[in-house]
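Summary of structural features
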Amino acid sequence: MIRSELIAKISEENPHLFQRDVEKIVNTIFEEIIEAMARGDRVELRGFGAFSVKKRDARTGRNPRTGDSVDVDEKHVPFFKTGKLLRDRLNGVTE
């Protein structure tokens, strides 16, 4: 599902809201998650999962095309850990 499909689905299920308002809400939620992660904070959505930032140390990598060694800088990458409810639903476990 892409962002526009999410906005359309929420608009369908909430006919009392204008689509432009739903779009603003969805964009605000995503922006807040991004800003929190940029600050190094963890974002937890109960039952869904948690977004966090992991640090990858600098290392020596390999160029797969040429086989040459390449220095890879330290970087921060987003990480998502699923919540129990989501994991159970994906595995067909119902309570």
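A brief structural summary. (Residues numbered from 1 in each chain as written. Predicted model: local features only at pLDDT ≥ 70, side-chain atom pairs only at ≥ 80, totals over all residues. Heavy atoms only, no water.)

Turning to the packing of aromatic side chains, a few remarks are in order. Within a pair of aromatic rings, the relevant descriptors are the distance that separates the centres and the angle that separates the planes. Scanning the model with the defined rule gives 2 aromatic pairs in all. Plain terms: the ring middles of F48 and F80 are 5.4 Å apart, the flat faces sit at 50° to each other, and that makes the pair tilted. Here F80 lies in strand 5 (residues 75-82) and F48 lies in the loop between strand 1 (43-45) and strand 2 (49-56), a separation of 32 residues in the sequence. One aromatic cluster is present, formed by F48, F51 and F80 through successive ring pairs. The positively charged end of R20 is found above the aromatic ring belonging to F18, 4.6 Å away from the centroid. The ring centre of F79 lies 4.1 Å from the NZ or CZ of K54, which sits over that ring. (Phe/Tyr/Trp six-rings, centres within 6.5 Å; stacked < 30°, edge-to-face > 60°. Helix = DSSP H or I, 4+ residues; strand = E, 2+ residues; numbered from the N terminus. Lys NZ or Arg CZ within 6 Å of the ring centre and 35° of its normal.)

Read from one edge to the other, the open sheet built from 3 strands follows the order 1-2-5, with strand pairing classed as antiparallel. Of all strands in the sheet, those bounded by a partner on one side alone are strand 1 and strand 5. The average angle at which neighbouring strand axes cross in this sheet is 25°, direction not considered. In this sheet, strand 2 lies alongside strand 1 in antiparallel orientation, the contact comprising 3 bridges. (Pairing = 2+ DSSP bridges. Axes fitted to C-alpha atoms, helices over the stretch in contact; angles between N-to-C directions.)

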